[in-house]
Each structure stands twice: as structure tokens, then as C-alpha cells.
Amino acid sequence: MLQGPITMSLINIITDEEASTEASVIFRHSKQMFGRVANAVRVASHSPKIAQSLFSFIVSGLREEISEILDKRIKCLVILKTSTLNQCAYWTSHNVTLGRALGFSEDLISDISGNYLQSTHFSQAEKAAMKWAEVMTEKHYQGSAGRPPTHQLAMTELKKYFTEEQIVEISFVCGFFNFWNRFTDSLEIDIEDNPVRS
């Protein structure tokens, strides 16, 4: 008897053949938008009504033509900063591919997880957006013993370059990918071999 690919995922990765009617609709739209169905979407489709909402957010999170508020480069930098801080291989891999499609060099990609504030690859606005992603992801808005919250300074810098609408979208994107990082990592969802289409 032939077996499918061996996966590490703790939850079954739904195949096209196994998909319910509702999941099939999500898969069809994913293939139209991205050229394939991400394993995270396949796993999320065990709960198709919630997965439909999540998929809509993925599309609006990545496509600048949906909200027309924030450009794709800023979104990708925020997603990559969030995912590298969380050490999430799944979404870092996906969005490195997207970054390369947007023209990101390997040095630029490396600087996102390094000393991005000193990098010459980013504008001050991009640095401010990534700093806000760091504040949100590392919970710098809470502070701790001996370390006061730093979110107000980061927000002041962010407001130099972005409107309130853009700041809300940056925050949405960062918060959403913090969720996806935890979802994919905790369920040990396997990274696909085929690249994402930008």
C-alpha cells in the first residue's frame, strides 16, 4: 500500500481529496491568489468557517490593493520582523519568498533579524514599522521589573511617518502574524516545498 508524504504536523494536513465543500472553496481561492494552498490554511480548514475569515485576513494582510492603506513592502517587513522574533520557520520561509519577489536582497533579509536599526537597507519609516512590530511581539508595552514600557517612544517615531490608518494596519498585520506564528509552530505544521506567488 502506498503512503502519502511523511509529515510532522500534529494535525492532519487536509488534501484536496479530503476537503469538505467549504474547505474546497477556500482551497480554490488560495490557488487563485497564491498559486497553491499553504499547509497552514489546509490545517485551519478543519474549522472551515473560521478558516474563511482567516484566509480573508491573509489576503488583505498581504495585498496592498485590498485596503489601499499600506504598501506590500512595509507589510512584508512587519511580517518578517514578527516571524523572525518568534523564530517561526514556517512564516519566515513564506515571507522570505515574498520578500525576494519584491526585490529584497539576502543582506536586507539578514538585517531584518539582525541590527535592523543600524542597517542602510531600510528607510527611517521602515525601521519605525519594524520597531513597532518588535514592541508588539516582545510585549514592550507591558514593561517589566527594571525596564519601563517603551511603546510610547516607538509610537512617537511611527507617527512621524505613518497615518493613524496605516498604524492600525501595521498593528493588524503584526498581531495577525503573531497568531499565525503560534498556530503553525504549536501544531508543527510542515513548510511546503513550492514557493508562494506574490
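Residues numbered from 1 in each chain as written. Predicted model: local features only at pLDDT ≥ 70, side-chain atom pairs only at ≥ 80, totals over all residues. Heavy atoms only, no water.

### Focus on the confidence of the model for the protein chain
The predicted model of the protein chain averages 89 in pLDDT, with 94% of residues at 70 or higher. Element-level pLDDT for the protein chain is lowest in helix α4 (residues 64-67), with a mean of 79, against a maximum mean of 97 in helix α8 (residues 124-137). Of the regions scoring below 50 in pLDDT, residues 1-6 engages in zero contacts with residues more than four places distant in sequence or in other chains. (pLDDT = per-residue confidence, 0-100. Helix = DSSP H or I, 4+ residues; strand = E, 2+ residues; numbered from the N terminus. Contact = heavy atoms within 4.5 Å.)

### Structural notes on the nonpolar core
In this structure, V78, L158, F162, I170 and W180 are the most contacted members of the largest nonpolar core, which totals 56 residues. Ranked by residue count, the leading element in this core is helix α10 (residues 164-186), at eight residues. Residues within four places of I170 in sequence aside, it is in contact with L70, I74, V78, A129, W132, L158 and F162. (Core = buried A, V, L, I, M, F, W, Y, C linked by side-chain atoms within 4.5 Å. Buried < 20%, exposed > 50% of the residue type's maximum accessible area, 1.4 Å probe, protein only.)

### So, unusual backbone geometry
With phi around 55°, Q87 is a residue other than glycine that occupies positive phi space. Within the chain, E188 stands out as a residue other than glycine whose phi angle is a positive 50°. As for its placement among the helices and strands, E188 is situated in the segment after α10.

### Digging into a negative patch on the surface
Residues E64, E65, E68 and D71 make up a contiguous surface patch of negative charge. Relative to the elements of secondary structure, D71 occurs in the loop between α4 and α5 (72-85). Using a relative accessible area of 38% as the deciding quantity, one classes D71 as partly exposed. (Patch = residues over 30% accessible without salt bridge, like charges linked within 9 Å, V, L, I, M, F, W, Y side chains within 5 Å. Areas by Shrake-Rupley, 256 points an atom, 1.4 Å probe, with all protein chains shown as cover. Salt bridge = Lys/Arg side-chain N within 4 Å of Asp/Glu carboxyl O. Lys, Arg positive; Asp, Glu negative; His and termini not counted. Charge placed at Lys NZ, Arg CZ, Asp CG, Glu CD.)

### Observations concerning the environment of N181
Inspection of the secondary structure puts N181 in helix α10. Since its relative accessible area comes to 1%, N181 is described here as buried. Considered as a pair, N181 and T92 are 89 residues apart in the sequence and their alpha carbons are 9.0 Å apart. The contact partners of N181, leaving out residues within four places of it in the chain, are T82, S83, N86, C88 and W91.

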